[in-house]
Amino acid sequence: MAERPEDLNLPNAVITRIIKDMLPEGVAVAKEARCAIARAASVFVLFATSSANNLAQKHKKKTVSAQDVFSALKEMEFDKFIEPLQESLEVYKKSQQNKKEQKEAKAKAKKAEEAEKNSSTVEENSEDADMSNTMETSLSKKENDDVMEIAE
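Residues numbered from 1 in each chain as written. Predicted model: local features only at pLDDT ≥ 70, side-chain atom pairs only at ≥ 80, totals over all residues. Heavy atoms only, no water.

An unreviewed UniProt entry lists the chain under the name DNA polymerase epsilon subunit 3, with Scylla paramamosain as the source organism.

If you want it as structure tokens, here you go:
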């Protein structure tokens, strides 16, 4: 848990970016206003989290789920935020699934590449062994011929 109330505030950079994204170009926001918005956002997040946690505990759960958050928003009378939040959650889930699939495909391709590399190394080693055996056989025949000449 946070030791100081300031530790619970959202990062100023995030708040500033959100404010800039939501306001028309050329609108300035005073530092005090950004600070007030940051504190209000932090209070909202803490209140929503607390409400969702209370609902989870009421249902004897230790983990707060998205459904608990939706129910908390409804209980807090922020019904109009539920649908956009559900849509954002679906987009997030899809992006996470895509990332997972890409990661798995990349791992599979890397594994196939390594298997192919190992296979070609085995073939090279096999070819080297065949050539070595051929050379040994050739030498053996030559040695036999040499031995035969000496014996004659």
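Section: helix H3 (residues 66-75)
To keep it simple, the criterion reads: Per-residue accessibility, obtained with a 1.4 Å probe over protein chains only, is compared with the maximum for each type, and a residue is labelled buried under 20%, exposed over 50%, and partly exposed between these values. Note on conventions: DSSP H or I runs of at least 4 residues are helices, E runs of at least 2 residues are strands, and numbering of each starts at the N terminus.
Listed as buried for H3 are Asp68, Phe70, Ala72 and Leu73. Phi turns positive, to about 65 degrees, at Glu77, one or two residues after H3.

A word on the nonpolar core
Note the cut-off: The nonpolar core is taken to be a set of buried Ala, Val, Leu, Ile, Met, Phe, Trp, Tyr and Cys residues, with the residues joined through side-chain atoms within 4.5 Å. Should any heavy atoms of two residues lie within 4.5 Å, those residues are considered in contact.
Counting residues in hydrophobic clusters, the biggest one holds 5 residues: Ala48, Phe70, Leu73, Met76 and Ile82. Ignoring sequence-local partners within four residues, the contact set of Met76 consists of Phe44, Phe47, Ala48 and Ser51.

Let's talk about the pattern of salt bridges
The criterion, for reference: By definition, a salt bridge exists where a carboxyl oxygen of Asp or Glu is found within 4 Å of a side-chain nitrogen of Lys or Arg.
Tallying each qualifying case throughout the model produces 1 salt bridge. Linking Asp68 and Lys61 is a salt bridge whose minimum nitrogen-to-oxygen distance equals 3.1 Å.

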